[in-house]
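Coordinate inspection notes
Given next are the chains, with one letter for each unit.
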Amino acid sequence: MPRIDFYVLPDQKENGRALLACRLADKAYGLGHTVYLFTASEARAAALDDLLWTFRQDSFVPHERYPLMGEEGSPVLVGTAAPATVEAQVLINLADALPEGFERYDRVVELVDQHPEVLAQSRERFRQYREQGCAPETHKL
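Since the model is a prediction, treat every value here as computed from it, not as a measurement.

The next point concerns the packing of helix 1 (residues 16-30) against helix 2 (residues 42-54). Taken N-terminus to C-terminus, the directions of helix 1 and helix 2 make an angle of 55°; their axes are 10 Å apart at the nearest point. Classified by the angle their axes make, helix 1 and helix 2 are oblique. Where helix 1 crosses over helix 2, the two elements pack in a sense that is right-handed. Residues Ala18, Leu19, Ala21 and Cys22 of helix 1 form the contact with helix 2, whose participating residues are Leu48, Leu51 and Leu52. Classifying every residue of the contact of helix 1 with helix 2 gives seven nonpolar, no polar and no charged.

Set out below in structure tokens:
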């Protein structure tokens, strides 16, 4: 079973979860891991794709949208396809539900802010992970 980590932001800033996703993807890439940033909609995937270029002035996170248009894959992928179809080591879940195929990853990252709906959905996913035999950990930022 993968390691499951819930990162809890202290506020509900509009772009807080997306910025945290970019920082974590950058860190994972720097450590040599492959990453899939899973979103619930094409609009969110496009926004995250753009943000990966601009979230920090001195960073470079090689990434591309999934499904891939060419043969070569970047170490960081952004998309809406079910995680069960994507080859990567780290899954950063920005969707509202438990990601299908999460058990294929070495690590799953859940991002939580203080928006009531996000909190409720995150608590449900935390419970579902435990029911699947995982031991999720919480990290308050």
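On we go from here.
This part takes up the pairing of strand 2 (residues 35-38). Because side chains alternate across strand 2, one face comprises the buried residues Val35 and Leu37, and the other comprises Tyr36 and Phe38, equally buried. When strand 2 meets strand 4 (residues 76-79), the two strands line up parallel, connected through four bridges. Within strand 4, the position partnered with Phe38 by the bridge is Gly79. In this structure, strand 2 lies alongside strand 5 (residues 90-93), joined through four bridges in parallel fashion. Along strand 5, the bridge assignment pairs Tyr36 with Leu91.

What counts, and where the lines are drawn
Residues numbered from 1 in each chain as written. Predicted model: local features only at pLDDT ≥ 70, side-chain atom pairs only at ≥ 80, totals over all residues. Heavy atoms only, no water. Axes fitted to C-alpha atoms, helices over the stretch in contact; angles between N-to-C directions. Helix = DSSP H or I, 4+ residues; strand = E, 2+ residues; numbered from the N terminus. Parallel < 35°, antiparallel > 145°, perpendicular 65-115°, else oblique. Left-handed = near helix turned anticlockwise from the far one by under 90°. Contact = heavy atoms within 4.5 Å. Nonpolar A, V, L, I, M, F, W, Y, C, P; charged D, E, K, R; others polar. Buried < 20%, exposed > 50% of the residue type's maximum accessible area, 1.4 Å probe, protein only. Pairing = 2+ DSSP bridges.

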